[in-house]
Amino acid sequence: MAAPFSWIKPEPHGIYIEPADCWVDPSRAVDRALVTHGHADHARGGHGQTVATPATLAIMDLRYNTREGATAVGYGETIRLKGGVDATYIPAGHVLGSAQILLEHAGERVIVTGDYKRRADPTCPPFEVTACDIFITEATFGLPVFCHPPIEEEMTKLLDRLAAHPDRCVLVGAYALGKAQRVIAELRAAGHNQPIYLHGAMEKMCRLYEEHGVDMGELRLVMDYSKEDIRGHIVVCPPSALNDRWSRRLPDPITAMASGWMRVRQRARQRNVELPLVISDHADWGELTRTIKEVDAQENWITHGREDALLRWCQLHQRRARALALVGYEDEDD
Amino acid sequence: MEEFAALIDALVYTRSRNEKLRLIAEYLRLTPDPDRGWALAALSDGLDFPAVKSSTIRNLLMDRVDPVLWTLSRDFVGDTAETASLLWPAPDTPPAPPSVSEAVELLTVMNRKSVVAELSKLLDRLDSSGRYALLKLATGGMRIGVSSRLAKTAFAQAFEVAVDDVEEYWHGLAPPYAELFAWAAEGDAPPDIENLPTFRPFMLAHPLEETVVDLADYAAEWKWDGIRVQLVRAGGETRLFSRSGDDISATFPEFLDILPVNAVVDGELLVRGNTQGGEAGGAASFNALQQRLGRKTVSNKMLKDYPAFIRLYDVLLLEGEDMRPRPWSERRGQLEALASRLPDSHFDISSVVEATDFEHLSQIREGSRDDAIEGLMLKRRDSPYIAGRRVGYWYKWKRDPLLVDCVLMYAQRGSGKRSSFFSDYTFGCWDGDPDLGADLLPVGKAYSGFTDADLKKLDRHVRSNTVNRFGPVRETDKSLVFEVAFDSVHESKRHKSGLAMRFPRIHRIRWDKPPHEADRIETLRTLIAG
C-alpha cells in the first residue's frame, strides 16, 4: 500500500492529484483542472477539462469565452474522477460560486479551500466546516495585525462620508469579481437606495451576479452620465482605475478602497486612498486560526500569503502544519 | 484622546495641504486647553518622554504577543507604533480613553521601571486608533505628512493671527503653549519673550530677475556662500540658530560667550579661508564649512582647523530695543557700531559693495572672479526687518549658472556604481504659494553634482522618508531642498509644470532649508531662455 496521502502532491503550479491526473487551481494550462473559484489567479483559461461550480464556470466563460470541456458540480455534489478519487464541492464563502474541494481517496480526506472567509456575504453561501485529514488553507491575511471589522461599520463610514460631501462623489476601488458586488449588495442592505455608478469594466460581472440572483438595485454606467448626475453618489471601479485618468470625469471624487490591506495605514497611503474601507473576501487572522481549530485536521498545509506567521501559530498550538510554496497567486488588490 | 486620534487618522489619509490645514485648525478651535496645546506640540516639534521609546513598545508587545509573530507583523507593517496599536489585545472592559493632557501627564511621570505597567494600563483604555495616536505622540516624530510649519500655519489660520507672529513667539514658549492660546484665542497680551534667548524668524529675499533698482534706494552686499545664522543673547544666555530655527549652539561653541550685550544679530556663518572675500580675512568655500555642520560635539582640532566666524548682515534686537521697525540704513549704522566692539577673530561685517549705478554694479557682479560668491544682495535702504519674504525690500541677484531651489519629490535607484543607491532625483517647484496650499510640480531630474558621501546621506534620506512606492520609484515626504543649477530652461509639454531644464545638476543640498521656502514655478518660468 502507498504511503498515506502520497496521492496528493503540492507542486509549484498547483496541487496535483496523481491517480486522477488532475490539478486543483493550476497556474498554467493543464489537461484536467478542478477550479475552486473564478479569480484569475485560481481560474486560468486554456485547460482541456475544467470542473467547477456552475457560477464559477459562468464567470470563466465570461472571461475566457470558452465552455468546452466544462463540467459543472453543484454545492454538496460529488464527482468521481479517475483513479478512484471523489471530489465534492463545498461552499467557501469567498465569492459567487467559490468552493472548497474535498478530495477523497483510499479512505483519506483532503480539503483544498481555495480562498475563503467566515463572514456573512449576501452574494454567496457561507463557508461550511467539514472534517478532513489534511486541510489545505490559504493565508492571504495570515498575520495577527489583520482583523477585519464588521462590514456594517465600514458601510457606515462610507455612507457618512458620502452624506458629508454632497457636492463630491465617493469612488470605491473594489476587485471587479466579488468585492464590487458584495460592496454594492451590502450598501443596499444598509438602506442605500440611490443609483450606484459603475466603471465600464464592472458591468458584465455585475450583470452575471444579477443573473445568479444577487439583487444590486439600480446600476448605471459612468460613461452614460454627466459629472452633475454623479455628484453625491457612489461610484465603483477596479482598484487600477482609482488614480487613473478615467477618474477625472468624476465630480471631485473622494478616493476609497475596499480591501483587507486597508487595515494598515501605509498601505492605504501608498494607494493614495483617502477613505480606507477594511473589507475583505479573505479570512482574517482570527478566522484563519478559528477555522484551523474547528476543522481540526491531522495536518494543515498553508498556501499563498503570509504562511510564516500561520505556521508559527500552528506550532504554538501544537498543530501539525507545513507551508506550500505555490507560485502565481496574487492578492494585492483584495 | 478620541478627537486627537480621529485627527491623526484623518491627517494620515489626507494629501491636500489645504485640507490638512483645515483639519488641524478645526481641532485647535474646538478642543479645550491644555489638550490642544499638547496636540499642537505633538504635531509640530514633537514631544519627548524619556521612558517611552520604540524599544519600550517592542518589549511591551513581546510580552503579550509571541515574539516571532510580533517580528513578522512589524516587518510587514513597517511602523512600530502602528503594529503595536493593531496587535494590542482588546481589553475586556470598554474603552475609557484619557484626555490628551491626562495621557501626557501619565507619560511624563513614567520611568524605566514603571513604564511597562503604566503604559499597558493606558493602552488598555484605548481603541486601535487611540493606541496609534497615543504611541505616536509618546515616541515623538509623527511622520504623518505634517511639518512643524504646517502645524503653525494651521494654528494661525484657526485664530486668524499672523503666522509670523506665531513664529516670533513660538521659540520662547514651551508646550502646551498656554500663553500662545491665551493670546491668539482669548485676545490676551502677547507672550513676553524679550528676556529669552529665542529665535526670531529671518527676513528673506526675492530673486531680482529683470528688476532694475536705483542704488540711491538700494544698498548692495555680496551674497556669501555659507549658512545663514542668528546669534542671540538674552537673559544671560547665548544661542546660535540655523535658518530653520534649529539650535546649533552645541556645534559652534565658540560663539556662546562672545556677545558683550544683549542682542540678536543676523549673519552668514563661514569658515576662515581665502576663497570668499579676498585672501586676508576671507572665508573658505562652503565645503570647508560642511566639515563643521551637523556635529553634536566639536573637537579642539576641529575648532583649530576650521575656525568659524560670522559675517554680519543685520541687527534685530540691541540692548533691549527692537531694531526691526527701523530702516536698514539706521540698523546698518548700529550694526557697524556693534561690530567694532566684537572680536575680529569671530566676526566681520558684510561690506557694502560700492557702485556708481546699477549698470556699474552689474559689471562688478559679472567681473567678480570669486566663484564661491553666490551673487549680490540688494537691500532697500529704508526697509524694516520683516520676517519672511516681502516683495520690494530685499533682492538676491544670483550669478550664473541659473540656480533655483527645488524640493526632492521622487527618487529611483541608480545603476552601475550607484546601483542600490537612490541616486536619480526628480524635484519640483511650488505651483503658487506653498503656505496657501500650492502643490509641488516636477520640473526636472538630476543624477549628478554630489559627492559619494552626499549620495550615502541622500540615499538614507530617501529610504527613511519614503511615503509611497510606485514600482521602483520612491516618493519622498518632500522635506529636502536641492539648489539645482542648470544652463537654461524651456517650455516643454513633457512635464506637468510645462517646463524643462537643460543640464540640471544638484548644486547644493540644502539640508538647512525648509521646503516651503523653495522656489515657485513662476520664478522658474521667468528664466525661460529667449
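See above for the structure.
Residues numbered from 1 in each chain as written. Chains lettered and ligands numbered in written order. Predicted model: local features only at pLDDT ≥ 70, side-chain atom pairs only at ≥ 80, totals over all residues. Heavy atoms only, no water.

Trainee: Lay out the overall build of chain B in plain terms, naming residues and giving numbers.
Mentor: When helices and strands are counted, chain B shows 18 helices and 22 strands. Expected size for 530 residues packed as a compact globule is a radius of gyration near 24 Å; at 25 Å, chain B falls within 12% of this value. Expressed along its principal axes, the backbone C-alpha trace of chain B runs to roughly 80 × 55 × 50 Å. If you sum the accessible surface of chain B, you get close to 23,000 Å²; carbon and sulfur atoms cover 48% of it. Within chain B, the 80 negative side-chain charges are centred at a point lying 6 Å from the centre of the 68 positive side-chain charges. (Helix = DSSP H or I, 4+ residues; strand = E, 2+ residues; numbered from the N terminus. Rg over C-alpha atoms; globule rule 2.2 N^0.38 Å. Areas by Shrake-Rupley, 256 points an atom, 1.4 Å probe, with all protein chains shown as cover. Lys, Arg positive; Asp, Glu negative; His and termini not counted. Charge placed at Lys NZ, Arg CZ, Asp CG, Glu CD.)

Trainee: Describe the nonpolar core, naming the residues involved and giving the relevant values.
Mentor: Core analysis: the largest hydrophobic core is formed by 116 residues, its most contacted members being B:F4, B:L107, B:L119 and B:F155. In terms of residue count, the dominant contributor to this core is helix 10 (residues 148-159) of chain B (seven residues). If we ignore the near neighbours within four places in the chain, the residues touching B:L107 are B:F49, B:V52, B:L119, B:L122, B:L134, B:L137 and B:A138. With 38 residues, the next largest nonpolar core counts A:V95, A:L96, A:I184 and A:L221 among its residues. (Core = buried A, V, L, I, M, F, W, Y, C linked by side-chain atoms within 4.5 Å. Buried < 20%, exposed > 50% of the residue type's maximum accessible area, 1.4 Å probe, protein only. Contact = heavy atoms within 4.5 Å.)

Trainee: Before we move on, can you summarise the interface of chain A and chain B with the specific residues and values?
Mentor: Facing 25 residues of chain A, the contacting portion of chain B comprises 25 residues. Summed over both sides, the interface of chain A with chain B buries roughly 2,300 Å², with 58% coming from carbon and sulfur. When the buried area of chain A at its contact with chain B is split by residue, A:V145, A:R265 and A:R269 rank highest and sum to 35% of it. In this structure, the connection of chain A to chain B is made through three salt bridges. For A:R265, the salt bridge is made with B:E82, and the minimal N-O distance between the two is 3.3 Å. Viewed at the interface, chain B and chain A are joined by four residue pairs in polar contact (both at pLDDT 80 or more). Where the side of chain A that touches chain B is concerned, the elements lending two or more residues are helix 6 (265-270) and helix 8 (307-316) of chain A. (Buried area = accessible area lost by both parts, 1.4 Å probe. Salt bridge = Lys/Arg side-chain N within 4 Å of Asp/Glu carboxyl O. Polar contact = N/O pair within 3.5 Å; in protein donor to acceptor, adjacent residues only side chain to side chain.)

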